[in-house]
Amino acid sequence: QVQLVESGGGLVQAGGSLKLSCAASGRTFARYTMGWFRQAPGKEREFVGRVHWNTRNTDYADSMKGRFTISRDNAKNEVYLQMNGLKSEDPAVYYCAAAFQRSGYYASEYSSWGQGTQVTVSS
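All values derive from a computational prediction rather than experimental measurement.

Peer 1: Whenever I open this one, the state of the cysteines confuses me. Can you help?
Peer 2: Where two cysteines share a covalent bond between their sulfur atoms, that bond is called a disulfide. Under the counting rule described, the total for this entry stands at 1 disulfide. The disulfide bridge from Cys22 ends at Cys96, spanning 1.9 Å between sulfur atoms. Between Cys22 and Cys96, the S-S torsion sits near 45°, and that sign places the bridge as right-handed. Pair noted here: Cys22 is in strand β3 (residues 18–24) and Cys96 is in strand β9 (residues 92–100), with a separation of 74 residues, a long-range link. As far as burial versus exposure is concerned, Cys22 and Cys96 are alike and both buried.

Peer 1: Would you mind showing me how to read the pattern of salt bridges here?
Peer 2: Opposite charge on two side chains allows them to pair when their charged atoms are near. Per the counting criterion, the structure on display carries 6 salt bridges. Linking Arg50 and Asp59 is a salt bridge whose minimum nitrogen-to-oxygen distance equals 2.7 Å. Judged by its relative accessible area of 3%, Arg50 falls in the buried class. Residue Arg102 is joined to Glu109 by a salt bridge in which the shortest nitrogen-to-oxygen separation is 3.6 Å. Arg102 sits in the partly exposed class, given a relative accessible area of 40%. Through salt bridges with shared partners, a single ionic network connects Arg38, Glu46, Arg67 and Asp90.

Cut-offs and rules
- Residues numbered from 1 in each chain as written.
- Predicted model: local features only at pLDDT ≥ 70, side-chain atom pairs only at ≥ 80, totals over all residues.
- Heavy atoms only, no water.
- Disulfide = S-S within 2.5 Å.
- Helix = DSSP H or I, 4+ residues; strand = E, 2+ residues; numbered from the N terminus.
- Buried < 20%, exposed > 50% of the residue type's maximum accessible area, 1.4 Å probe, protein only.
- Salt bridge = Lys/Arg side-chain N within 4 Å of Asp/Glu carboxyl O.

Structure, rendered in structure tokens:
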């Protein structure tokens, strides 16, 4: 399994941008589909999007399409979440997760999780 550490969270004004990073340990990072999830207080964990380990295809939850972009750099063992046009419904703890050679559409596929990074949006 890989170990994951997120960074880049913070406070941003509504409409602003923030880029989260997730650093992974281990030599098999390239074989992991990497996903981003978020959880707001009192709400269930929500799928944000993922980048497939092999095809590099990305998919996003409908509410994030066109605003959020996931990318990965296998040479650096990192995955990123670029968030633009942040809204009042976006504040949450954001988690990256790793799923070994899986599609990555379901949270149950992910075996490794980071500790999360807080994103706050001010109006």
